[in-house]
Amino acid sequence: MSAQTVLGINFGASASSVAVITKEGLADCIANDDGERQISNAISFNEDQEYVGVPAKSQLVRNNANTILGFRNLLGKSYDSVSSTKPQFDSAPLVAGPNGEPAFKVTTASGEKVFTAQEIATKYLSSLIGFASDFLGRPIDAAVIAVPSFFTPEQYSALEKAAKDAAGVKVLQFLQEPAAAAVAYNLTVPQLSTSSGEATAPASKTSQDRNVVVLDVGATTTTATVVAARQGTYVPLAVERQTGLGGESFDESLISFFSKEFTKKTKAKLDPSNHRAMMKLRLACETVKRTLSASTSATCSVESLSEGIDFSGSINRTRFDLLSNKVYDGILEVVKKALKQADVDVLRVDEVILVGGTCKNPTIGDRLASVFPETTQISSQIDADQVIARGCALQASALTKLSSDEQSYISSTSSLSDPILTSQKATSKPIGLLVPAPTSNGASASPAIVDGKIFVTVIEANTPLPARRIVELPYAKDASSVKIPVYEGSEEVHVEAPPPKEKKASNGDAGSDDDFSDDEDEEEETRTAYVKSTTQLANVVVPVKGAGTVRLTIIIDKDGKIHIEAGQTGSSEVQKVDL
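A quick note: this is a predicted structure, and the numbers were derived from the prediction, not measured.

### Focus: the sheet that holds strand S9 (residues 102-108)
Okay, so step 1: The strand order across the open sheet formed by 3 strands is S8-S9-S10, and the pairing between neighbours is antiparallel. Where the open sheet ends on each side, the last strands, each with one partner, are strand S8 (94-96) and strand S10 (111-116). Across this sheet, the average inter-strand angle for adjacent strands is 45°, counted without regard to direction.
Okay, so step 2: Both S9 and S10 contribute to a ladder of 6 bridges, which runs antiparallel. Bridge pairing in S10 places Thr 107 opposite Glu 112.

### Describing unusual backbone geometry
Okay, so step 1: With an omega of 0°, the peptide bond running from Leu 465 to Pro 466 counts as cis.
Okay, so step 2: Its location among the elements puts Pro 466 in the loop between strand S22 (453-459) and strand S23 (467-474).
Okay, so step 3: A positive phi is found at Glu 307, a non-glycine position, where the angle reads about 55°.
Okay, so step 4: With respect to the helices and strands, the residue Glu 307 is situated in the loop between strand S16 (297-306) and strand S17 (309-316).

### A look at the pattern of salt bridges
Okay, so step 1: Here the structure, examined in full by the defined rule, presents 15 salt bridges.
Okay, so step 2: One salt bridge in this structure joins Arg 72 and Glu 177, with 3.7 Å as the shortest N-O distance. Of this pair, Arg 72 sits in the loop between strand S7 (67-68) and helix H2 (79-82) while Glu 177 sits in helix H5 (residues 177-184); the two residues are 105 residues apart in sequence, bridging distant segments of the chain.
Okay, so step 3: Assessed through its relative accessible area of 14%, Glu 177 is described here as buried.

### Focus on the nonpolar core
Okay, so step 1: If you look at the biggest cluster of nonpolar residues, it comprises 48 residues, and the most contacted ones within it are Leu 215, Phe 258, Leu 281, Leu 339 and Leu 368.
Okay, so step 2: Those residues in contact with Phe 258 that lie beyond four places of it in its chain are Leu 281, Cys 285, Val 288, Cys 300, Phe 311, Gly 313, Ser 314 and Ile 315.
Okay, so step 3: Membership of the second largest hydrophobic core comes to 43 residues, among which are Ile 39, Ile 68, Leu 75 and Ile 129.

### Section: the confidence of the model for the protein chain
Okay, so step 1: Per-chain confidence: the protein chain averages 87 in pLDDT, with 87% of residues scoring 70 or above.
Okay, so step 2: Taken as a whole, residues 412-420 scores under 50 in pLDDT and shows 26 contacts with residues more than four places along the chain or in a different chain.

Calculation notes
- Residues numbered from 1 in each chain as written.
- Predicted model: local features only at pLDDT ≥ 70, side-chain atom pairs only at ≥ 80, totals over all residues.
- Heavy atoms only, no water.
- Pairing = 2+ DSSP bridges.
- Helix = DSSP H or I, 4+ residues; strand = E, 2+ residues; numbered from the N terminus.
- Axes fitted to C-alpha atoms, helices over the stretch in contact; angles between N-to-C directions.
- Salt bridge = Lys/Arg side-chain N within 4 Å of Asp/Glu carboxyl O.
- Buried < 20%, exposed > 50% of the residue type's maximum accessible area, 1.4 Å probe, protein only.
- Core = buried A, V, L, I, M, F, W, Y, C linked by side-chain atoms within 4.5 Å.
- Contact = heavy atoms within 4.5 Å.
- pLDDT = per-residue confidence, 0-100.

Structural data, given as structure tokens:
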């Protein structure tokens, strides 16, 4: 049987993308016939012509009533539940369709027509799959499609039907967007945690045991998802979503700025009710915003903006950032709320993954870096607007390597729920070893060290169950036995206030109100994250002979019961403790 041809599809609310696996085995987004890798979720009807993507969005200037936007989130819903939804940019009106479905009314060359949201989604997906098929030179068999975390089972079913109706494409799996981002960054491959010695064993958690924030800034919504990445499985700790905050918020800042510039230069007022003028300016400002993500300045040029007057103006990134300061603050607030909801301190976040074209704006990364410690990685190595589609393509490629029975099982059991972001039972506290602390480089001053011992985590808090971790510990050559104290810990943050600033005498008059220099920076408090041992679970004694290492295995079953096994590496004799 020939190999399946599969895609990764990011079906966004305002734009979508398609990724494939290249001959080199890498995931890459492909462009449509217009050279777009991000295809606007827009379909427009003009007489006997039908447009999709940017050509359709440009129809909003003069043909807005026949241009359809915002159809993704209407899938699987009833008209009554969305009847109050206002069409974006005065696009095609929302009406009640057959069987109470939400639909759009447009006028074509053959007269007035009503298309349901399901039909429009099918048309749109057909276009995506069509150009992918042309690019690859063969029909598409299946796909992994990314969906937002708020999608309901009814919406999954509607999307699955749209993909099948579009081109007979089978949905191998639906992947929640944060999980797709995780796959793109290769954080779902389990690794073995090993150690290099008692004093530092294990030296650090593996790259797969991480606390990750996925920040997705869409066109109209910003979502921050805090997840615990544990050996290839992602457990959601919190999701914070703010509608009305996103890429279009930056557009509004630019529209306001250039509207004032137009009036200043021409003395002609740009009336907000002038749909054509405002839509022209909006489309131009979207281009300016994208340019500022890669350059320090950009020019906004619009022919016949209003009253037949051409307009050209420029803006630099510094001015843009000042205009958008409230938007940046809002994005950071979403992240902070998500962390508070998850009860995760910023010091315990290992990585922030940036998702969405808006996150290509470098200031967002800079502002995040000011909130998180230097040890937190702000990940933007993959184009933010391609992350999700690439993750879906990698997942699709992995699924095709499974047997047909395994694929059928996943399709039947996981297509309507997330396969990677799970809500299964997880550990509430870290479990690890209490080992001798290093004494060099002032390490003894660390708040993590108590009575010369330090807690070293083996199994992180929020690790999904069942869990299994293995470490190897060296011991002294002349040892006849090795004691391994296993503890449960508590995550703590030590806060140290800055030392009081010394007064500097002025003109020999000590105690003056002017003793402090105004230009000196105030020192900030020092915050240090560590794990404190709280409860001893076991003290395993392992008999040993000669030089070598002790292999320790900690297992927590699905019911939360702990099983410990320890023995000299290479020996069949193993000490077992069941708690």
